[in-house]
Amino acid sequence: MVESGFSNAATSEASAVGLWQFIEATGNRYGLKTSWWLDERRDYVKATRAAIGYMSDLYNMFGSWYLVAASYNMGEARVRRLVEKHRTTNFWTLADKGVIAEETTQYVPKILAAMLISKAPALYGFRELQNHLPQSYEYFHVPGGTDLLNLANYLGVSGKYLKDLNPELIKGFVPRGISSHMIRIPKGSMLTV
């Protein structure tokens, strides 16, 4: 929520992309492929799995969830240098010294606030929330040359809906030179596809 507002189309000034705001190098390091037609940083399932792996590694590195959040925001190399220079793994000590960027100093409390609000929304004034059901889909391997808009027309669903199910396909199709690619399709449409 704090990183992207839950938008897989979010892009930062540092070229971080997707729900979890991965820069390309970190995304690639955690198995997210990027090319001119594909950006798996936009895939909410793959990017979430990559974020879990990245955060687990950061926790193993620092032993502090506050430093995990700080590292996620400003990069683990910069946090590692600060920890070594100031000989502390206490985020709040580093923040009080003014050695952490203001954006990151504010980012960690925003994460904490979002966690507290999500656990007891009514306590913080969020009383008339409408829950949304998760998208219902299944996976299907399609051949190269598959165009999501044509497939959506054939299935009788909107092109936007099928593109929303497959946000990693940034051009809206699988190139002809690709043998196959797994996409999400509306639940119950397997035989039609």
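Residues numbered from 1 in each chain as written. Predicted model: local features only at pLDDT ≥ 70, side-chain atom pairs only at ≥ 80, totals over all residues. Heavy atoms only, no water.

**Student:** Got a minute to help me understand the pattern of salt bridges in this structure?
**Tutor:** A side chain of one charge can pair with a side chain of the opposite charge when the charged atoms of the two come close. Taken as a whole and assessed by the stated rule, the structure comprises seven salt bridges. As a salt-bridge pair, R184 and D43 come within 2.8 Å of each other at their nearest N and O atoms. Residue R184 is located in strand 2 (residues 180-186), and its partner D43 is located in the loop between helix 1 (24-29) and helix 2 (44-62); the two are separated by 141 residues in the primary sequence. Note that E168 is salt-bridged to R184, the shortest N-O span being 4.0 Å. One end of the pair, E168, is in the loop between helix 8 (159-165) and strand 2; the other, R184, is in strand 2, and 16 residues separate them in sequence. Here E168 falls in the buried class, since its relative accessible area comes to 1%. (Salt bridge = Lys/Arg side-chain N within 4 Å of Asp/Glu carboxyl O. Helix = DSSP H or I, 4+ residues; strand = E, 2+ residues; numbered from the N terminus. Buried < 20%, exposed > 50% of the residue type's maximum accessible area, 1.4 Å probe, protein only.)

**Student:** Can you walk me through the packing of helix 2 against helix 3 (residues 65-74) in this structure?
**Tutor:** The angle between the axes and the distance between the axes are what describe a pair of packed helices. Interaxial distance between helix 2 and helix 3 falls to 9 Å at its minimum, and their mutual angle equals 125°. Put simply, helix 2 runs oblique to helix 3. Of the two possible hands of crossing, helix 2 and helix 3 adopt the one that is right-handed. Contact with helix 2, carried on its side by A51, Y54, M55, L58, Y59 and F62, involves W65, L67, V68, S71 and Y72 of helix 3 and no other residues of that element. Class assignment for the residues of the contact of helix 2 with helix 3 results in ten nonpolar, one polar and no charged. (Axes fitted to C-alpha atoms, helices over the stretch in contact; angles between N-to-C directions. Parallel < 35°, antiparallel > 145°, perpendicular 65-115°, else oblique. Left-handed = near helix turned anticlockwise from the far one by under 90°. Contact = heavy atoms within 4.5 Å. Nonpolar A, V, L, I, M, F, W, Y, C, P; charged D, E, K, R; others polar.)

**Student:** What should I look at first to understand the packing of aromatic side chains in this one?
**Tutor:** Working definition: an aromatic ring pair is given by the centre-to-centre distance plus the angle between the planes. Summed over the entire model, instances satisfying the criterion amount to ten aromatic pairs. Between Y59 and W65, the aromatic rings sit 4.4 Å apart at their centres with planes inclined by 20°, giving stacked as the arrangement. Judged by relative accessible area, W65 falls into the exposed class, the value being 52%. With centroids separated by 5.6 Å and ring planes inclined at 85°, the aromatic side chains of Y137 and Y139 adopt a geometry described as edge-to-face. Using a relative accessible area of 21% as the deciding quantity, one classes Y137 as partly exposed. We note R184 situated over the ring of Y44; from NZ or CZ to the ring centre the distance is 4.5 Å. In this structure, R184 packs its charged tip against the face of Y137, placed 5.2 Å from the ring centre. (Phe/Tyr/Trp six-rings, centres within 6.5 Å; stacked < 30°, edge-to-face > 60°. Lys NZ or Arg CZ within 6 Å of the ring centre and 35° of its normal.)

**Student:** Got a minute to help me understand helix 2 in this structure?
**Tutor:** An α-helical turn contains 3.6 residues, so a residue and the one three or four places further along point in the same direction. For helix 2, spanning 19 residues, the distance from its first C-alpha to its last is 26 Å, which sits close to the expected 27 Å at 1.5 Å a residue. Restricting attention to buried positions, one finds in helix 2 the residues Y44, V45, A47, A50, A51, Y54, L58 and F62. Of the surrounding secondary structure, the elements contacted by the buried residues of helix 2 are helix 1, helix 3, helix 4 (76-86), strand 1 (137-143), helix 8 and strand 2. (Expected span 1.5 Å × (residues − 1).)

**Student:** How do you make sense of a nonpolar patch on the surface when you look at a structure like this?
**Tutor:** Together, L116, L123, Y124, F126 and L129 line one region of the surface with nonpolar side chains, adding up to about 540 Å² of accessible area. Following the sequence through the fold, L129 ends up in the loop between helix 6 (102-119) and strand 1. (Patch = residues over 30% accessible without salt bridge, like charges linked within 9 Å, V, L, I, M, F, W, Y side chains within 5 Å. Areas by Shrake-Rupley, 256 points an atom, 1.4 Å probe, with all protein chains shown as cover.)

**Student:** Please clarify how the nonpolar core should be interpreted in this entry.
**Tutor:** Nonpolar side chains tend to gather and get buried jointly when the protein is soluble and globular. Core analysis: the largest hydrophobic core is formed by 23 residues, its most contacted members being F22, L67, Y72, V79 and F91. Elements represented by at least two residues in this core include exactly helix 2, helix 3, helix 4, helix 5 (91-97) and helix 6. In this structure F22 touches S15, A16, V17, G27, L32, R41, A47, A50, A51, Y54 and Y72, once residues within four positions along its chain are discounted. Grouped together as the second largest cluster of nonpolar side chains are 16 residues, W37, Y44, V142 and V174 included. (Core = buried A, V, L, I, M, F, W, Y, C linked by side-chain atoms within 4.5 Å.)

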